[in-house]
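The lines below spell out each chain.
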Amino acid sequence: MQTTIKVNGMSCGHCVAAVTKALENVPGVETAQVSLENGEAVVTGEANSDELVRAVKEEGYEAQLQ
Ligand SMILES: [Cu+2]
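The following refers to the structure shown. Numbering of residues starts from 1 in each chain and follows the order in which that chain's sequence is written. Local features in this predicted model are restricted to residues of pLDDT 70 or higher, and side-chain atom pairs are both shown and tallied only at a pLDDT of 80 or more, whereas totals for entire chains, interfaces and linings draw on every residue. Only heavy atoms go into the side-chain values, all of them from the structure, while hydrogens and water stay out.

Locating Val16 in the fold gives a position in helix H1 (residues 13–24). Classification of residues uses two cut-offs on accessible area relative to the type maximum, computed with a 1.4 Å probe and protein chains only: under 20% is buried, over 50% is exposed, and between them is partly exposed. Note on Val16: relative accessible area 17%, which makes it buried. As for Val16 and Gly39, which are separated by 23 residues in sequence, their C-alpha atoms are 9.4 Å apart. Aside from chain neighbours lying at most four places away, what touches Val16 is Met10, Val34 and Leu36. In this text, helices come from DSSP runs of H or I with a minimum length of four residues, and strands from runs of E with a minimum of two, each type numbered from the N-terminal end. Any two residues having at least one pair of non-hydrogen atoms within 4.5 Å are treated as being in contact.

Pasting the structure below:
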């Protein structure tokens, strides 16, 4: 399963790393590919999509399911 999340507020590689790590820590996530240019994250695995959004928000970024 693949989930795409729109992420707003990322401005540099540090943000990308923080969001990537937050997503990877959600149970069920296999891979998290975060794009600064597109402002989105593509996650594979069986994670709950609401939990993915919450994880990004907890890092301080805006997130919504795409
Ligand atoms: Cu940054």
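Right, let's get into the sheet that holds strand S3 (residues 40–45). The four strands lie next to each other as S2-S3-S1-S4, forming an open sheet whose pairing is antiparallel. With partners counted over all chains shown, the strands left at the sheet margins are strand S2 (29–35) and strand S4 (62–65), one partner each. Mean inter-strand twist for the sheet, computed between neighbouring axes without regard to direction, equals 25°. Whether two strands pair depends on DSSP finding at least two bridges between them. Across four bridges, the pairing between strand S1 (residues 2–8) and S4 is antiparallel. Considered in S4, the bridge of Lys6 is made with Gln64. Inter-axis angles, ranging from 0 to 180 degrees, are taken between N-to-C directions of lines fitted to C-alpha atoms, where helices are fitted over the stretch in contact. Sitting on the sheet, H1 is in contact with S1, S2 and S3, with an inclination near 160° to S2. Sheet contacts for helix H2 (residues 49–58): S1, S2, S3 and S4; angle to S4, the most-contacted strand, approximately 165°.

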